[in-house]
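Here's the letter readout for the chains.
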Amino acid sequence: SQQGEEDPQALSIQEGENATMNCSYKTSINNLQWYRQNSGRGLVHLILIRSNEREKHSGRLRVTLDTSKKSSSLLITASRAADTASYFCATNSGGYQKVTFGTGTKLQVIP
Amino acid sequence: KAGVTQTPRYLIKTRGQQVTLSCSPISGHRSVSWYQQTPGQGLQFLFEYFSETQRNKGNFPGRFSGRQFSNSRSEMNVSTLELGDSALYLCASSPGLAGGTYEQYFGPGTRLTVT
C-alpha cells in the first residue's frame, strides 16, 4: 500500500517557471525523502528531511515538512527541460531501510 | 565508485516459470533493498537485506524471495510467475548501518515481462 499520496499527479510548466509538488502521508515518520525518476529508469535521491526539520534546501530544490499536517512539499525553482521526470516522496516510519514511496508526480518542463 | 548494477536488464518469461534477478550494490554498502514498480501499484517495497539477513519485508506472497551473499550481492527469486508479476524490479543499496535511514542508491532496474 502507498504511504504517500502526491499532488498533482501530473504537472506541465514552461522552462524557467517554478514547480511545486506536494506529498501527504498517513502515519508518523522518522524522515521523508524525495527521489526523481527519469522515464522507467532507476531513482535518484534528491533530498532527505528529518521529522524535526521544517525546511531544507539543496541547489534549486526546497523541501518543507509539516508533521502536524503530515505533508511535505518539493519546490523546484527556475525549472529546466532536464527536470522533466517523475518525482516521488518516500517515508520511513520504522527502523532501517523500510521506505514507503508515494504515488509520484509526473513533471514536464517545456523548453 | 561504481554504481548499483542489476542483471539482466530485460527478461521475458512465461507464466509458471521462475526467475532470478541479481543486484550488485555499491562497494562498502551492506544494505540491499528490492522494490517492484508497476503502473497500477506504483513502487512497492519487497524486502531488505543487511549482512546476509532479511531485515525488513513488505507485503508480498511467499513466491517472492531473496538472499544476500557475504559480498553483499543480492538475488531475488520469483517462482510460479503470474502475468501480474510483470514489472520493473529495482534494487537499491545503502550503507545500512544501524541507527537511521540513509539515502538509497538505485540501480537501473530489471524489466520483467511475463507472457
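Thresholds, definitions, all that
Residues numbered from 1 in each chain as written. Chains lettered and ligands numbered in written order. Predicted model: local features only at pLDDT ≥ 70, side-chain atom pairs only at ≥ 80, totals over all residues. Heavy atoms only, no water. Pairing = 2+ DSSP bridges. Helix = DSSP H or I, 4+ residues; strand = E, 2+ residues; numbered from the N terminus. Axes fitted to C-alpha atoms, helices over the stretch in contact; angles between N-to-C directions. Disulfide = S-S within 2.5 Å. Buried < 20%, exposed > 50% of the residue type's maximum accessible area, 1.4 Å probe, protein only.

Draft legend 1. Broad picture of the sheet that holds strand S8 (residues 74-78) of chain B. Residues and elements named next belong to chain B. Across the sheet, 4 strands lie side by side as S1-S3-S8-S7; this open sheet has antiparallel pairing. The two strands at the open ends of the sheet, each matched to only one other strand, are strand S1 (5-7) and strand S7 (64-68). Along the sheet, successive strands turn relative to each other by an average axial angle of 20 degrees, direction set aside. In terms of strand pairing, S7 meets S8 through 5 bridges, oriented antiparallel. Counted as the bridge partner of Ser65 is Asn77 from S8.

Draft legend 2. Region of the structure containing the state of the cysteines. Residue and element names in this part refer to chain A. What the rule picks out here adds up to 2 disulfides over all chains. Here Cys23 pairs with Cys89 through a disulfide, and the sulfurs are 2.0 Å apart. Between Cys23 and Cys89, the disulfide has an S-S torsion of 65 degrees and is therefore right-handed. With a gap of 66 residues between them, Cys23 in strand S3 (residues 19-24) and Cys89 in strand S9 (residues 85-92) connect regions that are remote in the sequence. Owing to a relative accessible area of 0%, Cys89 belongs among the buried residues under this scheme.

Draft legend 3. Local environment of the sheet that holds strand S7 (residues 61-66) of chain A. Residues and elements named next belong to chain A. The sheet built from 5 strands is open, its strands ordered S1-S3-S8-S7-S6 with antiparallel pairing. In this open sheet, the two edge strands, each paired with only one partner strand, are strand S1 (5-7) and strand S6 (55-58). The mean inter-strand angle of the sheet, taken between neighbouring strand axes irrespective of direction, is 15 degrees. Both S1 and S3 contribute to a ladder of 3 bridges, which runs antiparallel. Bridge pairing in S3 places Glu6 opposite Cys23.

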